[in-house]
Amino acid sequence: MSHPLPLVLAVDAGNSKTHVAVCDASGRLVGSAIGPGGSPQTLGLTAAVDQVGRLARQACGQDRGFAVAAFAMAGLDLPEEEAAFHDAAIASGLTGDAVVCNDTLALLRSGTVGDGVAVVAGAGTNCLGIKGGQEVRFHALGRLTGDWGGGNDIGADALGIACRAEDGRGPGTSLARVVPAHFGLVRPLELAEAVHLGRVPQERLVELSVPVFRAADEGDALAMGLVRRMADEVAAYVRACVTRLGCGLADLPVVLGGGILRAGNIALMDAIGDALRELSPDVDIVVPSDPPIAGALRLALAELPGDEAPLDLQLSRQLAVFSAGPTASALTVSAG
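What counts, and where the lines are drawn
Residues numbered from 1 in each chain as written. Predicted model: local features only at pLDDT ≥ 70, side-chain atom pairs only at ≥ 80, totals over all residues. Heavy atoms only, no water. pLDDT = per-residue confidence, 0-100. Contact = heavy atoms within 4.5 Å. Salt bridge = Lys/Arg side-chain N within 4 Å of Asp/Glu carboxyl O. Helix = DSSP H or I, 4+ residues; strand = E, 2+ residues; numbered from the N terminus. Pairing = 2+ DSSP bridges. Axes fitted to C-alpha atoms, helices over the stretch in contact; angles between N-to-C directions. Buried < 20%, exposed > 50% of the residue type's maximum accessible area, 1.4 Å probe, protein only. 1 Å grid on protein atoms, 1.4 Å probe; cavity = no way out; pocket = protein on both sides within 12 Å on 5 of 7 lines; lining within 4 Å. Points joined across faces, edges and corners; volume = space filled by probe spheres on them. Nonpolar A, V, L, I, M, F, W, Y, C, P; charged D, E, K, R; others polar. Phe/Tyr/Trp six-rings, centres within 6.5 Å; stacked < 30°, edge-to-face > 60°. Lys NZ or Arg CZ within 6 Å of the ring centre and 35° of its normal.

Student: Go over the confidence of the model for the chain, please, and point to the residues and values.
Tutor: Per-residue confidence for the chain gives a mean pLDDT of 89; residues scoring 70 or more make up 90%. Low pLDDT (under 50) marks residues 324–336, which in the prediction has 30 contacts with non-local residues, meaning those over four places away or in another chain.

Student: If you had to explain the pattern of salt bridges to someone new, which residues and values would you point to?
Tutor: One pass over the structure, following the stated rule, counts 11 salt bridges. In this structure, the salt-bridge partner of Asp 274 is Arg 277, at a minimum N-O distance of 3.3 Å. You can see Asp 274 and its partner Arg 277 sitting in helix α11 (residues 266–279), 3 residues apart, about one turn around the helix. Salt bridges linked by common partners bring Arg 57, Asp 63 and Arg 64 together as one network.

Student: Which residues make up the sheet that holds strand β9 (residues 253–257), and what are the values?
Tutor: In space, the 5 strands of this open sheet follow the order β8-β7-β6-β9-β10, with mixed pairing throughout. Sheet topology places β8 (134–137) and β10 (284–286) at the edges, where each strand pairs with a single neighbour. With direction set aside, neighbouring strand axes in the sheet form an average angle of 15°.

Student: Outline unusual backbone geometry, listing residues and values.
Tutor: Outside of glycine, negative phi angles account for most residues, and trans bonds account for most peptide bonds. Positive phi is not limited to glycine here, since Ala 140 has a value of about 55°. Residue position: Ala 140 is located in the loop between β8 and α5 (151–167). On the basis of relative accessibility, which here comes to 13%, the residue Ala 140 falls in the buried class.

Student: Summarise the pairing of strand β3 (residues 29–36); cite the residues concerned and give the values.
Tutor: Here β3 lies mainly inside the structure; 7 of its 8 residues are buried. Across 7 bridges, the pairing between strand β2 (residues 17–24) and β3 is antiparallel. Looking at the pairing, Thr 18 lines up with Gly 35 of β3. In textbook terms, the turn of a hairpin is the stretch between consecutive antiparallel strands, and for β2 and β3 this stretch comprises 4 residues, one of which, Gly 27, has a positive phi near 95°.

Student: So what's going on with helix α4 (residues 103–111)? Residues and values would help.
Tutor: In terms of burial, α4 is a largely internal element, 8 of the 9 residues being buried. Taken together, the buried positions of α4 are Asp 103, Thr 104, Leu 105, Ala 106, Leu 107, Leu 108, Arg 109 and Ser 110.

Student: Which residues make up empty space enclosed by the protein, and what values go with them?
Tutor: Tallying each qualifying case throughout the model produces 1 cavity of 30 Å³ or more. Taken as a whole, the largest cavity spans an internal volume of roughly 30 Å³. The biggest single contributor to the lining of the largest cavity is strand β7 (residues 125–131), with 3 residues. Among the residues forming the lining of the largest cavity, the class breakdown is 3 nonpolar, 3 polar and 1 charged.

Student: Would you mind going over the packing of aromatic side chains in detail, with residue names and values included?
Tutor: Any two aromatic rings considered together are summarised by their centre-to-centre distance and by the angle between their planes. Under the counting rule described, the total for this entry stands at 2 aromatic pairs. Look at Phe 138 and Tyr 237: their rings are 5.0 Å apart centre to centre, the planes differ by 85°, and that puts the pair in the edge-to-face class. Within this pair, whereas Phe 138 is found in the loop between β8 and α5, its partner Tyr 237 is found in helix α9 (residues 221–245), the two being separated by 99 residues in sequence. In this pair, the class of Phe 138 matches that of Tyr 237, namely buried. Positioned over the ring face of Trp 148 is Arg 229, at 4.0 Å from the centre of the ring. A cation over a ring is seen here: Arg 244 above Phe 138, with NZ or CZ 5.0 Å from the ring centre.

As structure tokens, this is what we get:
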């Protein structure tokens, strides 16, 4: 498959899905692909680069020689991790010019082309703030750095609350029913045993955010407690960002993304809105209609000589496939 213009590669790799899009230098979408989670922290450096190459070939028929590439990757939390991935991507032949960043930057660029704060909550949480060329980042190393609020934490805490309800240490809650039922079980302690013995992979606890949020919407007090804690964590990230940037929240949009925050749960989004408005009543909260892969494409196109190619409405509509893509490991491909 040959293309008359140089091709630009964009990658948004999370813990559950990897999105790849290829444009030509005019900004026209050439092809796209969706694959399994691609965090180098999970797969390892070489395997993550190899997976991007496979998805790029599925998207456009080539896996090397891109004019420029932008890699927005979950798990690249430290500068040395970004540098290592950059070197590996160049060495693989994928591209000769690469932008490598944490996936929070792609989220920010999907919601604004200027300054702002981006908070992502998927399997884990992270945040990025940019103001006038100054950047604030977080280590985002999970419990090691005091993080809480991704699907892994919500699921594990929901199971713990349900088990305490069953064995008498905690109050009654509908989580004692809906948490094990999600896995076809009856009692919370059955599920705890299944996870402990390896019959249910622990990473599947991330799925429990769905019944937790549903229980909160239905008025369960303990489920609502998890929702409020999630909202407080978002507000804590934002508060820390604007404090370290030395500006007011009214100066910056807050862009929210990741599977937990894009799910649109009413109780959660209302709680986040309340928490952020306590920081500033004029806060501008943005849940982008464009998926983060659009932000990664903006980063890649900005590296081309001359003006950045715009992401027009037609291209945004083509990229909308990524907003509702599969979470399983099966690969799907669309070509434009």
